[in-house]
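Chain by chain, the residues:
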Amino acid sequence: MAPWQPQPQEEFVPYWTLEPGWDTALQVRNNVTGHDLTVTPALRVADGPEFPLKPVTLAPNQSVPCR
């Protein structure tokens, strides 16, 4: 098995709407077997500002909603 050498990664996911009546959730999952994974999610609005959320550390195969 190759040694564990995590590297910073970015993933961009389109965010749909904040219209009244809609409920939206962001969920992160650790698919890495045998290692914890720390994720720092952020929300970026259409006109540019970015809002970092609290870092989340996940155990292997764990998923959690980001708040």
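Residues numbered from 1 in each chain as written. Predicted model: local features only at pLDDT ≥ 70, side-chain atom pairs only at ≥ 80, totals over all residues. Heavy atoms only, no water.

## Let's talk about the nonpolar core
What counts here: Think of a nonpolar core as a cluster: buried Ala, Val, Leu, Ile, Met, Phe, Trp, Tyr and Cys residues, connected wherever their side-chain atoms sit within 4.5 Å. Exposure categories follow from relative accessible area, calculated using a 1.4 Å probe and restricted to protein chains: below 20% of the type maximum is buried, above 50% is exposed, and the middle band is partly exposed. Helix and strand definitions here come from DSSP, where helices need a minimum of 4 consecutive H or I residues and strands a minimum of 2 consecutive E residues; each element is numbered from the N-terminal end. Two residues form a contact once any of their heavy atoms are found within 4.5 Å.
Judged by nonpolar contacts, Val28, Val56, Leu58, Val64 and Cys66 together constitute the single largest core of five residues. The set of elements that each furnish at least two residues to this core consists of strand S5 (56-58) and strand S6 (63-66). Excluding residues that lie within four positions of it along the chain, Val64 makes contacts with Leu26, Gln27, Val28, Val56 and Leu58.

## Some words on the layout of surface pockets
Where we set the bar: Site definitions follow a grid-based scheme: protein atoms alone, a 1 Å grid, a 1.4 Å probe that fits but cannot get out for cavities, and for pockets an open set with protein on both sides within 12 Å along at least five of seven lines, plus lining residues having an atom within 4 Å of a point. Grid points are joined across faces, edges and corners, and a volume is the space filled by probe spheres set on the points.
Of the volumes computed, that of the largest pocket is approximately 1200 Å³. Surrounding the largest pocket, 30 residues form its lining, Glu11, Phe12, Val13, Pro41 and Ala42 being those nearest its centre. Elements with a contribution of two residues or more to the lining of the largest pocket: strand S1 (26-29), strand S2 (37-39), strand S3 (42-44) and strand S4 (50-52). It is S1 that provides the largest number of residues to the lining of the largest pocket, a total of four residues.

## Comments concerning the environment of Leu53
Of note, Leu53 is situated in the loop between S4 and S5. Leu53 gets classed as partly exposed once you look at its relative accessible area, which sits at 22%.

## Considering unusual backbone geometry
Positioned with a positive phi, Asn61 is a non-glycine residue whose angle comes to about 65 degrees. Of note, Asn61 is situated in the loop between S5 and S6. Residue classification places Asn61 among the exposed positions, given a relative accessible area of 52%.

## A look at a nonpolar patch on the surface
For clarity, the cut-off: Each patch is built from residues lacking any salt bridge and having more than 30% relative accessible area; the joining distance is 9 Å for like charges and 5 Å for nonpolar side chains (Val, Leu, Ile, Met, Phe, Trp, Tyr). Residue burial considers only the protein chains on display, and all accessible areas are found by Shrake-Rupley using a 1.4 Å probe. We define a salt bridge as a contact between a side-chain nitrogen of Lys or Arg and a carboxyl oxygen of Asp or Glu at a distance within 4 Å.
The grouping of Leu26, Leu43, Val45 and Phe51 at the surface amounts to a nonpolar patch, some 310 Å² of accessible area in total. With respect to the helices and strands, the residue Phe51 is situated in strand S4. Residue classification places Phe51 among the partly exposed positions, given a relative accessible area of 47%.

## Comments concerning the pattern of salt bridges
Scanning all chains against the criterion turns up one salt bridge. Measuring nitrogen to oxygen at the nearest pair gives 2.3 Å for the salt bridge that ties Glu50 to Arg44. On the basis of relative accessibility, which here comes to 41%, the residue Glu50 falls in the partly exposed class. According to the relative accessible area criterion, Arg44 is partly exposed, its value standing at 48%.

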